[in-house]
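Commentary on secondary and tertiary structure
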Amino acid sequence: MHHPVPRIPAQSAASPQYRLAIESRLTVELAMVVTGSRRRALRDGDRQVDTAHLLHSLVETDPAVRAAFTGEAQVSRVLGYLVQRSIGYGLRWRKSAAPSSSSASSSPAAASASSTEVARGPLAAGPGGWSPAAAAAMDGALARAARRGDLRAAGLDVLAVLVADRDCRAVEVLRRAGVDPDVLAARIAELSQQV
């Protein structure tokens, strides 16, 4: 059964203290994923790291994450879609209205800056900040690691939480690339038991 992942308030997700608290509890590999996600957000012109940025860096750099997919062809489709997103689909997503409690603006500048995961308001986020969904994914990954007795979260932890949030942009990307989130979640659970 699907349970929504609780979102982190935008102001908390954007704070440097939040970022430091999260990032001090990541494996070296996952810290590199976060750095890659931040670079990708900056290059894409996004104000915050969102779940699609995390997914892109996870699939691109983490062998354990790639192993959760049903073969190299599926990994290639996901990466191909993410590359298209970064050069074109991102513009369409930025123009879409945010489904959060934020009010929509009729200003073209505001429309081009909005996305399904970028919260509006006075955020000091910049490319180092997190969207509420991405922040929730990182929190969830840390909680998942703690439940198995690990102090640090790994890439599969983040992927598991992303897949559980059926309303996040990463899952939209997966679906559009032909990945069934339920099948991927089952594969992640299987791989997690092997560790």
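Refer to the structure presented above.
Source: prediction; values computed, not measured.

Right, let's talk about the nonpolar core for a bit. Nonpolar side chains in soluble globular proteins tend to be buried together. Core analysis: the largest hydrophobic core is formed by 45 residues, its most contacted members being Leu55, Phe69, Val78, Leu159 and Leu184. Elements that contribute at least two residues to this core include exactly helix 3 (28-44), helix 4 (51-61), helix 6 (72-95), helix 8 (132-147), helix 9 (155-164), helix 10 (169-176) and helix 11 (181-194). When residues in this core are grouped by element, the largest group, 8 residues, is from helix 8. With residues up to four places along the chain from it excluded, the contact list for Leu184 reads Ala68, Phe69, Leu159, Val163, Leu174 and Val179.

Turning next to the pattern of salt bridges. Under the criterion given, the structure shown has 8 salt bridges. Here Arg169 makes a salt bridge to Asp50, at a shortest N to O gap of 2.4 Å. Of this pair, Arg169 sits in helix 10 while Asp50 sits in the loop between helix 3 and helix 4, placing them 119 residues apart in sequence. Judged by its relative accessible area of 1%, Asp50 is buried. Linking Arg144 and Asp157 is a salt bridge whose minimum nitrogen-to-oxygen distance equals 2.7 Å. With a gap of 13 residues between them, Arg144 in helix 8 and Asp157 in helix 9 connect regions that are remote in the sequence. Each member of the pair Arg144 and Asp157 is classed as buried.

Taken across its 10 residues, helix 9 has 9 buried, putting it largely inside the fold. Those residues of helix 9 not exposed but buried are Gly155, Leu156, Asp157, Val158, Leu159, Ala160, Val161, Leu162 and Val163. Looking at the buried positions of helix 9, the neighbouring elements they touch are helix 3, helix 4, helix 5 (63-67), helix 8, helix 10 and helix 11.

Quick notes on the rules
Residues numbered from 1 in each chain as written. Predicted model: local features only at pLDDT ≥ 70, side-chain atom pairs only at ≥ 80, totals over all residues. Heavy atoms only, no water. Core = buried A, V, L, I, M, F, W, Y, C linked by side-chain atoms within 4.5 Å. Buried < 20%, exposed > 50% of the residue type's maximum accessible area, 1.4 Å probe, protein only. Helix = DSSP H or I, 4+ residues; strand = E, 2+ residues; numbered from the N terminus. Contact = heavy atoms within 4.5 Å. Salt bridge = Lys/Arg side-chain N within 4 Å of Asp/Glu carboxyl O.

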